[in-house]
Amino acid sequence: ASQVPEGANGGEHVMGWLTFTNPQLPFFERPLVGVNAGVWVLDGITKVEMEKDWNLSPFLYSNGPQRHLKVGFDATLPYDTRWLDFTRWQPKNVYDANAEFTWRSRLPASVSARIKGFAGLDQDVGARTTRAFERVEVEVAQTGTFGAGDRWTHKLRFFAGASGDAPLQRSIGLASLDVTDTYTNDFVGGGHAMYARSDVHYVTAGGAGVRGYSPLLGVQRVASLNGELAAGIVHGQPRSLVLSLQLLAFGDAAWGRLPGDFYGAGSRSFADAGVGVLARDQLWDRPVTIRFDVPLYVRDPELASGANAGDDRVKLRWTFSFADLW
């Protein structure tokens, strides 16, 4: 659901997209397994995306470590700045190549690691000014259970990232993924999407994961530690209508550098803590997750999101998401 910007007529906001996975091309005997691509023309921005995923796991059909390598190309090209949300997008054509390696331990141990790097160019719309940028991020996460019937779950995650001259739409998010990665999400994709407004408490979890802060905040450099302890109160069974429900407590801490165009720019520390609830269910063949967080403490309340901002470090705030942090 997008609001048509002032001055746009019916022929100017015809939108659409085309995506494909594992395509079967002429003159090829087999489909190109692991290839994903798409073109989106939505809300004033054209996005082109191509990606190839290689499964490098030593054991494909038994319990062993999982290793994947992804190499991709992304381009975002604004074609109508009247649609742009300038708190999340700069009027720039952005092109980047990226590579990501992920690893996960064999079960039942649950340790995962990821490293991703970007190299790209951005060009001001309507100008010839072009500059290069780069970005790298790494994370390690561990999840475990304990107690009778594995009722308790703990999660720990370390994240670090750095960027040089990255445009706003490719900056590292303090609380969420960057808007290039979430562009194909209908809830937050364009500047006038349903949950993209500043008065909505929606967060697409990711980045440094400091969930009490505004999803509009980008950082040039950051290191963060996220922790969570959850207790299962309802355990749903496969193929049943009973959902799984967890109550949780969380805390996040980070050190990062805000760029010069943000309030309080420069190096500083961030922290939050709160409680929440996480529900999981299955809708036919599709898993459904709903997460509701209440960040009761935020070290920098003026940097919280929209309606959650204020002057009090301890305050009743809330956010929601349709995905878990890890």
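Residues numbered from 1 in each chain as written. Predicted model: local features only at pLDDT ≥ 70, side-chain atom pairs only at ≥ 80, totals over all residues. Heavy atoms only, no water.

J.: Before we move on, could you go through the overall build of the chain and cite the residues and values that matter?
T.: Scanning the chain for helices and strands turns up 0 helices and 15 strands. Over its C-alpha atoms the chain spans a radius of gyration of 21 Å, differing by no more than 12% from the 20 Å that the globule rule assigns to 326 residues. Counting over 326 residues, the chain shows a buried share of 42%. Restricting the contact set of the chain to residue pairs at least 6 apart, pairs at least 24 apart contribute 57%. On the chain, roughly 17,100 Å² of surface is accessible, and the fraction owed to carbon and sulfur atoms is 60%. (Helix = DSSP H or I, 4+ residues; strand = E, 2+ residues; numbered from the N terminus. Rg over C-alpha atoms; globule rule 2.2 N^0.38 Å. Buried < 20%, exposed > 50% of the residue type's maximum accessible area, 1.4 Å probe, protein only. Contact = heavy atoms within 4.5 Å. Areas by Shrake-Rupley, 256 points an atom, 1.4 Å probe, with all protein chains shown as cover.)

J.: An account of the side chain of T153 is needed here, citing residue identities and associated values.
T.: Secondary-structure assignment places T153 in strand β8 (residues 152-164). Take T153: its relative accessible area is 12%, and that puts it in the buried class. Leave out the neighbours within four places in its chain, and T153 touches T143, G144, T145, E228, L229, A230 and Q246.

J.: Tell me about the packing of aromatic side chains, and name the residues and values.
T.: Across all of its chains, the model carries 14 aromatic pairs by this definition. Aromatic pair Y195 and F322: ring centres 6.3 Å apart, planes at 50°, arrangement tilted. Here the residue Y195 occupies a position in the loop between β9 (172-173) and β10 (218-219), and F322 occupies one in the segment after β15 (319-321), the gap between them amounting to 127 residues. Residue classification places F322 among the partly exposed positions, given a relative accessible area of 34%. Ring geometry for W318 against F320: centres 6.3 Å apart, planes inclined by 25°, an arrangement best described as stacked. (Phe/Tyr/Trp six-rings, centres within 6.5 Å; stacked < 30°, edge-to-face > 60°.)

J.: An account of the side chain of D74 is needed here, citing residue identities and associated values.
T.: Mapping D74 onto the fold places it in strand β4 (residues 66-78). A polar contact of 3.0 Å, which involves the side chain of D74, links it to the side chain of N98. Of note is the side chain of D74, whose polar atom sits 3.3 Å from the side chain of R170. With residues up to four places along the chain from it excluded, the contact list for D74 reads K47, V48, E49, V94, Y95, D96, N98 and R170. (Polar contact = N/O pair within 3.5 Å; in protein donor to acceptor, adjacent residues only side chain to side chain.)

J.: An account of the nonpolar core is requested, with residue identities and associated values reported.
T.: By size, the foremost hydrophobic cluster in this structure holds 14 residues, and its most contacted members are L174, V210, Y213, V222 and F270. Residues in contact with L174, not counting those within four places in the same chain, are A208, G209, V210, Y213, L217, V219, V222 and F270. W40, L42, W89 and V179 belong to the second largest nonpolar core, which has 7 residues in total. (Core = buried A, V, L, I, M, F, W, Y, C linked by side-chain atoms within 4.5 Å.)

Note that every value here comes from positions in space, so none of it alone points to a role or purpose.
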